[in-house]
Amino acid sequence: VGYNPHHGGVVGDIKDYREFMRIADISYYCNEARLINTDGTYSILGDPTEAALLTMAEKIYDYGSDDQVNYVKESIFPFDAERKLMSVVATDTYEKSFVFVKGSPDHVLKKCTHYWNGTKSVRLTDQVLEEIHVHYDNLAAQALRVLATAYKPATKHPETMEHAESELIYTG
């Protein structure tokens, strides 16, 4: 299957896949890699993990293509080793703007005040934070690469990176 977004696909029962679409949007737009299609053979330009996220997003978009929303990147706060995350301010075709954030779970979670429980945004409690950390630690113990995603509604041009990357909603 490799990086071809049209081989393989979404597996499992995701009748209500809105939360997957949000994670796909974050993975797709908060990303600096590119998939290159040369006569049906896909290669990558950039980081392999980033390209894998692009491939995943494309597969989710193929599954729910009627609900896909396109965004325009307004601002990019690139990944850096100190913040261990990157963020993008993006505006959709309805003129709604969002901040999309992707990065190290510990660093992303420090900037979150809420989490998406599958149907709505809920205040992030110490108990939920502990459950999330246990889950990430279990994945990391299996030598898996662990990233976190978050978002929030935003103005088109937040004043600062700190403002954009605050009071986020954790998605996974």
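Residues numbered from 1 in each chain as written. Predicted model: local features only at pLDDT ≥ 70, side-chain atom pairs only at ≥ 80, totals over all residues. Heavy atoms only, no water.

**Q** When you look at the overall build of the protein in this model, what are you seeing that I'm missing?
**A** What the protein contains, in helices and strands, is five helices and nine strands. Of the regular secondary structure in the protein, the N- to C-terminal order runs α-β-β-α-β-β-β-α-β-β-α-β-α-β. Looking at the protein as a whole, 39% of its 172 residues are labelled buried. The contacts in the protein between residues at least 6 apart in sequence include a share of 58% that link residues at least 24 apart. For the protein, the exposed area adds up to about 9,900 Å²; of that, 52% sits on carbon and sulfur atoms. (Helix = DSSP H or I, 4+ residues; strand = E, 2+ residues; numbered from the N terminus. Buried < 20%, exposed > 50% of the residue type's maximum accessible area, 1.4 Å probe, protein only. Contact = heavy atoms within 4.5 Å. Areas by Shrake-Rupley, 256 points an atom, 1.4 Å probe, with all protein chains shown as cover.)

**Q** Help me understand the nonpolar core in this model?
**A** Within soluble globular proteins, side chains that are nonpolar generally end up buried alongside one another. Of all hydrophobic cores here, the largest spans 19 residues; its most connected members are V101, V108, C112, L124, I132, Y136 and Y170. Breaking this core down by element, the ones donating at least two residues are β4 (85-92), β5 (97-103), α3 (105-109), β6 (112-116), α4 (126-141), β8 (148-154) and β9 (168-170). Take this core: its biggest share by element is three residues, from α4. Ignoring any residue separated from it by four or fewer positions in sequence, one finds C112 in contact with L124, A150, L168, I169 and Y170. Core analysis: the next-biggest nonpolar cluster, separate from the first, contains 16 residues, A24, Y71, M86 and F98 among them. (Core = buried A, V, L, I, M, F, W, Y, C linked by side-chain atoms within 4.5 Å.)

**Q** Would you mind going over the pattern of salt bridges with me for this structure?
**A** Proximity of charged atoms lets side chains of opposite charge pair with each other. In total, this model carries three salt bridges according to the counting rule given. Between E50 and K102 there is a salt bridge, and its shortest N-O distance comes to 2.5 Å. Here E50 is found in helix α2 (residues 48-63), whereas its partner K102 is found in strand β5, with 52 residues between them in sequence. In this pair, the class of E50 matches that of K102, namely buried. Between R83 and E165 there is a salt bridge, with its nearest N and O atoms 2.7 Å apart. Of this pair, R83 sits in the loop between β3 (71-80) and β4 while E165 sits in the loop between α5 (161-164) and β9, and the two are 82 residues apart along the sequence. The exposure class assigned to R83 is buried, which follows from its relative accessible area of 12%. Among the charged side chains, a network of salt bridges with common partners joins D80, R83 and E165. (Salt bridge = Lys/Arg side-chain N within 4 Å of Asp/Glu carboxyl O.)

**Q** Looking at this model, I keep getting lost on the packing of aromatic side chains. Mind explaining?
**A** Centre-to-centre distance and the angle between the planes together describe a pair of aromatic rings. Counted according to the given criterion, the structure contains seven aromatic pairs. Taking 4.9 Å as the distance between ring centres and 70° as the angle between the ring planes, the aromatic pair formed by Y28 and Y29 counts as edge-to-face. Here F98 and F100 contribute two aromatic rings whose centre-to-centre distance is 6.2 Å and whose plane-to-plane angle is 5°, an arrangement assigned as stacked. An identical accessibility class is assigned to F98 and F100; each is buried. Among the aromatic residues, those joined into a cluster by ring pairs are Y28, Y29, Y61, Y71, F98, F100 and Y151. (Phe/Tyr/Trp six-rings, centres within 6.5 Å; stacked < 30°, edge-to-face > 60°.)

**Q** I keep staring at the side chain of K152 and nothing clicks. Help me out?
**A** Along the polypeptide, K152 turns up in strand β8. Despite its burial, K152 pairs with no opposite charge, the nearest such side chain being E167 at 5.7 Å. Here the side chain of K152 touches H163 through a polar contact of 2.8 Å, landing on its backbone oxygen. K152 has contacts with S97, F98, V99, H163, A164, S166, E167 and L168, leaving out every residue within four places of it along the chain. (Lys, Arg positive; Asp, Glu negative; His and termini not counted. Polar contact = N/O pair within 3.5 Å; in protein donor to acceptor, adjacent residues only side chain to side chain.)

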